[in-house]
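# Structural characterization, general
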Amino acid sequence: MWPKSVVSKILGKRFGSNNFVTDLSRADMETALAPEVTGLEQLSSYYDTKSLLDHRKETHNYKIFISTWNVGDVAPGDDLSIEDWLDIRDNPCNIYVLGFQEAVPLKFSTVLGSENPTIRAKWNAVIGKSLNRTGHKQGKFHCIMSKQMVGILVTIWVPSELLAFCFVCTHLASGNRQADHILRNSTAAKILSRTSFPGGPSLHSSRKILDHDRVILLGDLNYQISLPEAMTRSLVEQSEWNKLLEHDQLKAELGNGRVLQGWQEGRIDFVLTYKFCPNSDVYYGTGHENSKGGRRRAPAWCDRIIWRGEGLKQHLYTRGESKLSDHRPVKAIFTAQVGVLPKLEGLRSFFTSQSFEQIKNVSADEILYSAARRAFKFFSVD
């Protein structure tokens, strides 16, 4: 998510009172509408009064792959393969959501300079090659969304489904001081309450993150172990994972509901994901590493995936063993029960037909308003 002060500097635009934005407003993205557009009446007549008022739904089950990975400014090489991590052959999914942190160095030139699409293209090439080379039973996957905001990169891949979920990828403040913990909580609260999505009034779309029925939050959340560093390292050396979890800051937040009330996390059966020496399984600060240029940080479960909403069930929550960065990647697999109006199948057919070619430059608001005006005109009262 972009702080609006940064967006204003980069784009030279002024925004409203909310502190975070996702994309530019719909008014910035839409082209001017033609006075008369052939095809709107066809769509309007297809969605007659009866069909718009028919709320009977079919339940579809979708399997969702979620992964978060702080890659520590390391770009993927041409020989990098993540097929084992995606586990496509043995555990294929319908939707793949991958969130990366520190995809580029967090320095002044990358924060305020123009966006370089090279890193995003490299990661998408790796993901696309891994998804489509294996012969996924869902068919060929396409990237429907790929956004990079400085070091944060999130990319979503589906075969051809029309789905509505909210995925939030974030990188919260690091550090084990009390002030750092307070900053993480306050930033998370602001992101969840103040992030706004573009949309039009006739769409009745979800404008805030928590307006959505199902939300998955992933990223380097940076919550630490609330113990002195020496005690944390001693428990790590003894593999006392349960004792460490008892003092995990995020577990405490999920339990007491101060910031993340109503959110859930699966059982953690994997060891801590941060901070490792380069290309090794050794935690930094144990004395076995080259100390030059390294930040001394106590080990922690920094990389997490949490969710809220009905109809989501988690089946897998684990970490990977790639040594690309000082973090280990974390993934989860969910199934989601989604109610779908049967008429959506007809809507999909319309948008892939020749009729749609005549109106493809018209905004979705205008199309749906035209249909709704025909269907609901009997509600008007003089």
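Definitions and limits used
Residues numbered from 1 in each chain as written. Predicted model: local features only at pLDDT ≥ 70, side-chain atom pairs only at ≥ 80, totals over all residues. Heavy atoms only, no water. Salt bridge = Lys/Arg side-chain N within 4 Å of Asp/Glu carboxyl O. Helix = DSSP H or I, 4+ residues; strand = E, 2+ residues; numbered from the N terminus. Buried < 20%, exposed > 50% of the residue type's maximum accessible area, 1.4 Å probe, protein only. Contact = heavy atoms within 4.5 Å. Core = buried A, V, L, I, M, F, W, Y, C linked by side-chain atoms within 4.5 Å. pLDDT = per-residue confidence, 0-100. Pairing = 2+ DSSP bridges. Polar contact = N/O pair within 3.5 Å; in protein donor to acceptor, adjacent residues only side chain to side chain.

## Considerations on the pattern of salt bridges
Using the criterion set out here, one finds 12 salt bridges in the structure. Residue Asp281 pairs with Arg328 through a salt bridge whose shortest N-O separation is 3.1 Å. Here Arg328 lies in the loop between β11 (312–319) and β12 (330–340) and Asp281 lies in the loop between α11 (249–256) and β10 (303–308), a separation of 47 residues in the sequence. Asp281 sits in the partly exposed class, given a relative accessible area of 49%. Glu321 serves as the salt-bridge partner of Arg328, at 3.9 Å between the closest nitrogen and oxygen. A residue is classified by how much of its surface remains accessible, and Arg328, at 0% relative accessible area, is buried. Three or more residues are tied together by salt bridges with common partners; here these are Asp281, Arg319, Glu321, Lys323 and Arg328.

## So, the environment of Gly262
Mapped onto the elements, Gly262 comes out in the loop between α11 and β10. Residues Gly262 and Gly309 lie 47 residues apart in sequence; the distance between their C-alpha atoms is 8.3 Å. Non-local contacts of Gly262, meaning those with residues more than four positions away in its chain, are made with Trp307 and Arg308.

## Some words on the nonpolar core
Counting 38 residues, the largest nonpolar core has Ile64, Ile66, Ile216, Ile305 and Phe334 as the members making the most contacts within it. The element best represented in this core is β12, accounting for five residues. Excluding residues that lie within four positions of it along the chain, Ile66 makes contacts with Val97, Phe167, Ile216, Leu218, Ile305, Val330, Lys331, Ala332 and Phe334. Counting residues in each nonpolar core, the second largest holds 23 residues, with Ile82, Leu86, Ile119 and Leu131 among its members.

## Quick word on the confidence of the model for the protein chain
Looking at the protein chain as a whole, its pLDDT mean stands at 76, while 64% of the residues score no less than 70. Here helix α2 (residues 26–29) stands out as the least confident element of the protein chain, with mean pLDDT 37; β10 is the most confident, with 97. Residue range residues 5–53 is modelled with pLDDT below 50. Its contacts to residues more than four positions away, or to other chains, number 101 contacts. Contacts from residues 200–204, a stretch scored under 50 in pLDDT, to residues over four places away or in other chains number nine contacts.

## A short note on the pairing of strand β7 (residues 166–171)
Counting buried residues along β7, five of its six residues qualify, which places the element largely inside the surrounding structure. As judged from the six bridges shared by β7 and strand β9 (residues 215–220), these two strands associate in the parallel manner. Within β9, the position partnered with Cys169 by the bridge is Leu218.

## Notes on the side chain of Asp220
If you trace the backbone, Asp220 turns up in strand β9. A distance of 2.8 Å separates polar atoms of two side chains, one belonging to Asp220 and the other to Asn70. Setting aside chain neighbours within four positions, we find Asp220 in contact with Thr68, Asn70, Gln101, Thr170, His171, Leu172, Cys302, Asp303 and His327.

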